[in-house]
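# Observations on chain architecture
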Amino acid sequence: VKYTGVNVPKKDKSIIVLPFGDMSPGKDNEYFSDGLTEEIITDLSHIHDLLVISRSSAMTFKGTQKTIPEIAQAVNVRYVLEGSVRKAGNNLRITAQLIDSTNDAHLWAEKYSGTLDDVFDIQEKVSRSIVAGLKMKLAPAEERKISEHPVASASAYDCYLRAKHEIAKWTEPALDRARHLLETALKLTGNNAALFAGLALVHITYAAGSFRTDEETLEKAEQYANKALRLDPELAVGHYVLALLALWHSDCRQMFNDAKRAVSLDPNDPFAVMYFTFGAAYTGNSSASRPFVEQLLQTDPLNSQTYVISVLQEYYECRFEEALDAGRIAF
């Protein structure tokens, strides 16, 4: 199937961060290795001149037998980061290596040892090593973003990563566990934007999954989203939750405004892009979402939802042949 939205030239400064392997003795720290992978992806995504493959596409290569050149070709990038995490109690050992897929050459490889308290420093070192390996210079705002940590306490951060792992399971018992973990983390840290945003996401997922659709659940989603945004107005997930709540209440213009803010802060979030696409169409401004859909095609090319969003974009702009082409890829 030929879909023109996919035909983009390979960008020289482009990378995929493969899922870090869990090398822990009990093989029971997948939540931590996946969480570290996602945090590094988030760090790198703040760099304007670097195209970074999204988590959802990167995770399709977990446990893959594909070669580095095959992986790079599949997502149309030049560089690949792979690594592993060994977590035993409070002790950590993290390895990472950056590879140029054009010649399968290792640009650098490092081992980092420490404790859970050192995880923020290690994560930042990995991100900065990638930047140095690619010979890139960070702008002040990019420096600030890479230096930021969502949760300062190591114990609370562990709860935060466990909670994110549970939310992704999309079941009511998992959401209950995530809520408990986030509430525990808040007791350790006090008010925290990322933890409030996590609780907002838990409650809106209760509703989106039809597990709990009562008014109290929706009110809590809104309250936690607003608490998160008061602490950090640039937290994309907070605006995304508000966009979904606006859709729930059939307020399409408000959904458009909230989703627009979410995608401006995190254009690689497929859910935010989807709701922005809805909102743009409902408000008679379909073309506004096209740049975000086209970017998503580059950063999340292995996610079927990307092509579902593309179907919507093409359909809303009356490009019906292109919508059919995108639909054949999606389904």
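Notes on the structure follow. Within any chain, residue numbers begin from 1 and follow the written order of that chain's sequence. Under the rules for a predicted model, residues below a pLDDT of 70 receive no local features and side-chain atom pairs below 80 are neither given nor counted, while totals for whole chains, interfaces and linings still include all residues. The basis for every side-chain value is the complete set of heavy atoms in the structure, and neither hydrogens nor water enter the calculation.

### Observations concerning the overall build of the chain
A run of DSSP states H or I qualifies as a helix once it reaches four residues; a run of E qualifies as a strand once it reaches two. Both are numbered from the N-terminal end. Within the chain, the secondary structure is distributed over 15 helices and six strands. Expressed along its principal axes, the backbone C-alpha trace of the chain runs to roughly 50 × 50 × 40 Å. Each residue is placed in one exposure class: buried if its accessible area under a 1.4 Å probe, protein chains only, is under 20% of its type's maximum, exposed if it is over 50%, and partly exposed if it falls in between. Counting over 331 residues, the chain shows a buried share of 50%. Carbon and sulfur atoms make up 50% of the accessible area of the chain, which totals about 15,100 Å². Charge counting follows a simple rule: Lys and Arg are positive, Asp and Glu are negative, and His as well as the terminal groups are ignored. To locate a charge, take atom NZ for lysine, CZ for arginine, CG for aspartate or CD for glutamate. Counting 35 positive and 44 negative side-chain charges, the chain places the centres of these two groups 3 Å from one another. Accessible surface area values rest on a Shrake-Rupley calculation with a 1.4 Å probe, where residue burial reflects the displayed protein chains alone.

### Regarding the packing of aromatic side chains
Each Phe, Tyr or Trp ring, with Trp reduced to its six-membered ring, pairs with another whose centre is within 6.5 Å; inter-plane angles below 30 degrees give stacked pairs, above 60 give edge-to-face pairs, and intermediate values give tilted ones. Evaluated as defined, the whole model comprises 12 aromatic pairs. Pairwise contacts between aromatic rings join Y240, F271, Y275, F278 and Y282 into one cluster. Positioned above the aromatic ring of Y206, the side-chain terminus of R212 is 4.1 Å from the ring centre. Only when the NZ of Lys or the CZ of Arg is both within 6 Å of the ring centre and within 35 degrees of the ring normal is a charge said to sit over the ring.

### What to know about the environment of T184
Here T184 shows up in helix α7 (residues 172–189). The partly exposed category is assigned to T184, whose relative accessible area is 27%. The definition of a polar contact used here is a pair of N or O atoms within 3.5 Å, where within protein one atom must be able to donate a hydrogen and the other to accept one, and adjacent residues in sequence count solely through side-chain atom pairs. Looking at T184, its side chain comes within polar contact range of the main-chain oxygen of H180, at 2.9 Å.

### Quick look at the environment of A154
Residue placement: A154 occurs in helix α6 (residues 154–167). Using a relative accessible area of 9% as the deciding quantity, one classes A154 as buried. Considered as a pair, A154 and D117 are 37 residues apart in the sequence and their alpha carbons are 5.2 Å apart. The contact criterion used throughout is that any non-hydrogen atoms of two residues lie within 4.5 Å. Every residue in contact with A154, bar those within four places of it in the chain, is listed here: L116, D117 and F120.

### Remarks on the pattern of salt bridges
The salt bridge definition used is simple: a Lys or Arg side-chain nitrogen within 4 Å of an Asp or Glu carboxyl oxygen. For the structure on display, the rule yields 26 salt bridges. Between K62 and D34 there is a salt bridge; the shortest N-O distance is 2.7 Å. With K62 in the loop between α2 (55–58) and α3 (68–75) and D34 in helix α1 (residues 30–45), this residue pair connects regions lying 28 residues apart in the sequence. On the accessibility criterion, K62 (39% relative accessible area) is partly exposed. Given the relative accessible area of 6%, D34 is considered buried. Note that K164 and E38 form a salt bridge whose closest N and O atoms lie 3.4 Å from each other. One end of the pair, K164, is in helix α6; the other, E38, is in helix α1, and 126 residues separate them in sequence. Several salt bridges converge on common partners, so that one network encompasses R290, E294, E314, E317, R319 and E322.

### Quick notes on the side chain of D158
Mapped onto the secondary structure, D158 falls in helix α6. If sequence neighbours within four positions are ignored, D158 has contacts with Y31, F32, K87 and L116.

### Brief notes about a positive patch on the surface
Patch rule: a residue counts if its relative accessible area is over 30% and it has no salt bridge; like charges are joined within 9 Å, and nonpolar side chains (Val, Leu, Ile, Met, Phe, Trp, Tyr) within 5 Å. On the surface, a cluster of positive charge is made up of K27, R86, R93 and K111. As for its position among the elements, R86 is in strand β4 (residues 79–88). Judged by its relative accessible area of 35%, R86 is partly exposed.

### Quick word on the pairing of strand β6 (residues 105–115)
Two strands qualify as a pair provided DSSP detects at least 2 bridges between them. Both strand β5 (residues 91–100) and β6 contribute to a ladder of 10 bridges, which runs antiparallel. Across the sheet, the residue bridging to I94 is Y112, located in β6. Between β5 and the antiparallel strand that follows it, β6, lie four residues; D104 among them carries a positive phi value of about 60°.

### Things to note about helix α8 (residues 193–208)
Taking 1.5 Å as the rise per residue, α8 with 16 residues should run 22 Å; its terminal C-alpha atoms sit 22 Å apart, in good agreement. Counted residue by residue, α8 has 14 buried out of 16 residues, so it is predominantly covered. Where α8 begins, the capping side chain belongs to N192, and its oxygen is found 3.0 Å from the backbone nitrogen of A194. Just past α8, the residue S210 takes up positive phi, approximately 60°. A helix is expected to reach a length of 1.5 Å times the quantity of its residues less one.

### Concerning unusual backbone geometry
One non-glycine residue, S250, lies in positive phi territory at about 60°. Along the polypeptide, S250 turns up in the loop between α10 (236–248) and α11 (252–265). A positive phi is found at C318, a non-glycine position, where the angle reads about 60°. Residue C318 is classed as exposed on the basis of its relative accessible area, which comes to 54%.

### What about the pairing of β5?
In the sheet, β4 pairs with β5 via 10 bridges, with the strands oriented antiparallel. In the sheet register, S84 faces β5, and the bridge partner there is T95. Between the end of β4 and the start of β5, which pair antiparallel, lie two residues, with G89 showing a positive phi angle near 65°.

Distances and angles like these do not, on their own, reveal function.
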